[in-house]
Amino acid sequence: YKAAEECDHVTCECGFEFCWDCGVERSVALLHDNRWHKPSCRYHTRPEEVAEAPVFVPGCPECQRRGDGLPCRFPPDDGYPHSYTQRRSMRQPRR
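Residues numbered from 1 in each chain as written. Predicted model: local features only at pLDDT ≥ 70, side-chain atom pairs only at ≥ 80, totals over all residues. Heavy atoms only, no water.

**Student:** How should I be thinking about the confidence of the model for the protein chain in this particular structure?
**Tutor:** Low-pLDDT stretches of the model should not have their predicted coordinates read in fine detail. Of the residues in the protein chain, 81% have a pLDDT of 70 or more, and the chain-wide mean is 85. Across the protein chain, helix α2 (residues 61-66) holds the top mean pLDDT of 96, while helix α3 (residues 82-90) sits lowest at 59. (pLDDT = per-residue confidence, 0-100. Helix = DSSP H or I, 4+ residues; strand = E, 2+ residues; numbered from the N terminus.)

Okay, structure coming up:
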């Protein structure tokens, strides 16, 4: 967990960087813009508020995963972080 006064950019012990507020990979939002934060995120910008169309960014890991030269899709709102914490709380405690 992080302290409330800290920023919402988190680096995991494994090196993965993400937005604490919505869980998106940090590099994707940095390479594109705030439309790539999930809709429930406080940093999200609604697509209709931006005049520019999404573009393929060669350095974006999500654009690269598509493999078709088209821009990656906006991430869906999957309920993170509540969906994540609920899944974790349903696990059996370690013994």
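**Student:** Before we go on, may I ask you to explain the environment of Asp68 in this structure?
**Tutor:** Structurally, Asp68 is set in the loop between α2 and α3. Using a relative accessible area of 42% as the deciding quantity, one classes Asp68 as partly exposed. Along the chain, Asp68 and Phe56 lie 12 residues apart, while their C-alpha atoms are 9.5 Å from each other. Engagement of the side chain of Asp68 in a polar contact is seen with the side chain of Arg66, the distance being 2.8 Å. Among the polar contacts made by the side chain of Asp68, one reaches the main-chain amide nitrogen of Leu70 at a distance of 3.0 Å. (Buried < 20%, exposed > 50% of the residue type's maximum accessible area, 1.4 Å probe, protein only. Polar contact = N/O pair within 3.5 Å; in protein donor to acceptor, adjacent residues only side chain to side chain.)

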